[in-house]
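Residue-level structural notes
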2 protein chains.
Amino acid sequence: MAPDVEFLFDFGSPNAYLAHRVLPAIEARTGVRFTYVPVLLGGVFKATNNVSPAVSLAGIRNKAEYQELETQRFLARHAITRFRRNPWFPVNTLRIMRGAEAARTLGLFERYIDAVYDHMWAEPRKMDDPEVMRTAFTDSGLPADALITLMDDPAVKGRLLANTEAAVARGVFGSPAFFVGTAHYFGKDRLEEVEREIIAQRAQPGPS
Amino acid sequence: MAPDVEFLFDFGSPNAYLAHRVLPAIEARTGVRFTYVPVLLGGVFKATNNVSPAVSLAGIRNKAEYQELETQRFLARHAITRFRRNPWFPVNTLRIMRGAEAARTLGLFERYIDAVYDHMWAEPRKMDDPEVMRTAFTDSGLPADALITLMDDPAVKGRLLANTEAAVARGVFGSPAFFVGTAHYFGKDRLEEVEREIIAQRAQPGPS
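To start, this report covers the structure provided alongside it. (Residues numbered from 1 in each chain as written. Chains lettered and ligands numbered in written order. Predicted model: local features only at pLDDT ≥ 70, side-chain atom pairs only at ≥ 80, totals over all residues. Heavy atoms only, no water.)

1. A word on the overall build of chain A
Going by this rule: Secondary structure elements follow DSSP: runs of H or I no shorter than four residues count as helices, runs of E no shorter than two count as strands, and numbering proceeds from the N terminus. Computation of the radius of gyration draws on C-alpha atoms alone. For the globule rule, the value is 2.2 Å times the number of residues to the power 0.38. For the exposure calls, accessible area comes from a 1.4 Å probe over protein chains only, and a residue counts as buried if that area is under 20% of its type's maximum, exposed if over 50%, partly exposed in between. Note on definitions: a residue-residue contact is assigned when non-hydrogen atoms from the two residues lie within 4.5 Å. Surface accessibility in these figures is a Shrake-Rupley result with a 1.4 Å probe; residues are shielded only by whichever protein chains are displayed.
Broken down by element type, chain A carries 10 helices and 4 strands. In chain A, the order of α-helices and β-strands from amino to carboxyl end is β-α-β-α-α-α-α-α-α-α-α-β-β-α. Relative to a compact globule of 208 residues, whose C-alpha radius of gyration would be 17 Å, chain A shows 17 Å and is just as compact. When burial is assessed residue by residue, chain A has 50% of its 208 residues classed as buried. Expressed as a percentage of contacts within chain A between residues at least 6 apart in sequence, the contacts between residues at least 24 apart total 73%. Surface summary for chain A: the accessible area is close to 9600 Å², and the carbon and sulfur share equals 55%.

In structure tokens form, the structure reads like this:
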């Protein structure tokens, strides 16, 4: 029985973006579909007292250089060419994350995610600037006005908050996070184990 | 041509111990032998401004629990049964790390490493207590007096210091660290990639 698999993401995390680029291959090999769950990483950090790698690596000799080496290895291994550091990093993602739930309301969830990830990490823009964001949506053929209006909808805001609180309650502390059934995996470097766990759970008989 | 492979370790790191338990299987599959390089992790941390996971995880919700989950996964995957948390953690490892270089002088390097790892993480003792350490050496059939005397030998102390400084110069910031040729890998969770890199480098023609 194929397990439920989830990808908890925030557009602000480059490692989540890199995972996003690899998930289609895992889906093709295993037959599962990842459920994308928007969570506000800033909210996760606040609830867990965690900080971003950009903060925790600051001032430590060799460690950031090693992380960059691992990023290059990941790009090479998965033949990812569409990746550029966002020069405005860290981008405040509150609005574009609410936008993901707004896009869900409009039936544009997947198109929105692909477009915004592109605007963050492939051809990066300053997506926390309201006018830049609006132009980016329009350039991607998304209904900018409807999305931006819906970002202030209490139900949309509430869904992002609820996703974030539920993630923390399930053990999440950073991004990207994955669940295979109830099994939690943290980090793009766990994707091989995520895939093995999908295959292992699929081999188990169902509950019926 | 088989590459030079190195394992940079400090007895104080449980993750280095767990890697140590897995290296024989990698050696058996690939035909390489890991060169064990004693480094003083406290010295690495001081030189790089890094801290141990015990420090960096403190106060962050969910993160230590996740690390424990990953430890349990690692133990299960590699069928490691000989592992017990050292109740005196963190143990000051300066003397027992100098002891590794002392043991090298005495031609007992490998026996010493196996014995001290056992006393740290299989049947843990307070190895920074001089009398506990002496008894542990004797119990393992090691020449306690000779080892302890040699720990103060300037050449022995100098080798540990030189190993540590060279490691930092090569990009090391924590433990365990591995080198496959010049390629640096950090953490027990990279062992699969270390093995793949060994195989990849072995497949390359030599310089002759």
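Now that the structure has been shown, we can carry on.
2. Some points on the sheet that holds strand β3 (residues 177–180) of chain B
Residue and element names in this part refer to chain B. Applied cut-off: For two strands to be treated as a pair, DSSP must find at least two bridges joining them. Each axis is a line fitted through C-alpha atoms, and for a helix only the stretch in contact is used; angles between axes span 0 to 180 degrees, taken between their N-to-C directions.
If you trace the 4 strands from one edge of the open sheet to the other, you get β2-β1-β3-β4, paired in mixed fashion. The sheet is open, and its two edges are formed by β2 (34–38) and β4 (183–186), each paired on a single side. Averaged over all neighbouring strand pairs, the angle between strand axes comes to 20°, with direction disregarded. In the packing of helix α5 (residues 94–105) onto the sheet, contacts are made with β1 (5–9) and β2, and the angle to β2 comes to roughly 125°.

3. A short note on the pairing of β2 of chain B
All names here are of chain B. This is how it is decided: A clockwise path from the first strand over the helix to the second, with the strands pointing away from the viewer, defines a right-handed crossover.
In terms of burial, β2 is a largely internal element, 4 of the 5 residues being buried. Pairing geometry for β1 and β2, over 5 bridges, is parallel. Opposite phenylalanine 9, over in β2, you have proline 38 as the bridge partner. For the crossover that starts at β1, traverses helix α1 (residues 14–30) and ends in the parallel β2, the hand is right-handed.

4. Re the pattern of salt bridges
Proximity of charged atoms lets side chains of opposite charge pair with each other. Put simply, the rule is: The working definition used for a salt bridge is a side-chain nitrogen of Lys or Arg within 4 Å of a carboxyl oxygen of Asp or Glu.
By the definition in use, this model includes 38 salt bridges over all chains. Among the ionic pairs, aspartate 118 of chain A bridges to arginine 82 of chain A, the shortest N-O distance being 2.7 Å. Separated by 36 residues along the polypeptide, aspartate 118 of chain A in helix α6 (residues 109–121) and arginine 82 of chain A in the loop between α4 (63–77) and α5 (94–105) bring together distant segments of the chain. Close ionic contact of arginine 82 of chain B with glutamate 123 of chain B constitutes a salt bridge, the shortest N to O distance being 3.7 Å. With arginine 82 of chain B in the loop between α4 (63–77) and α5 and glutamate 123 of chain B in the loop between α6 (109–121) and α7 (130–139), this residue pair connects regions lying 41 residues apart in the sequence. Overall, the relative accessible area of 48% leaves glutamate 123 of chain B in the partly exposed class.

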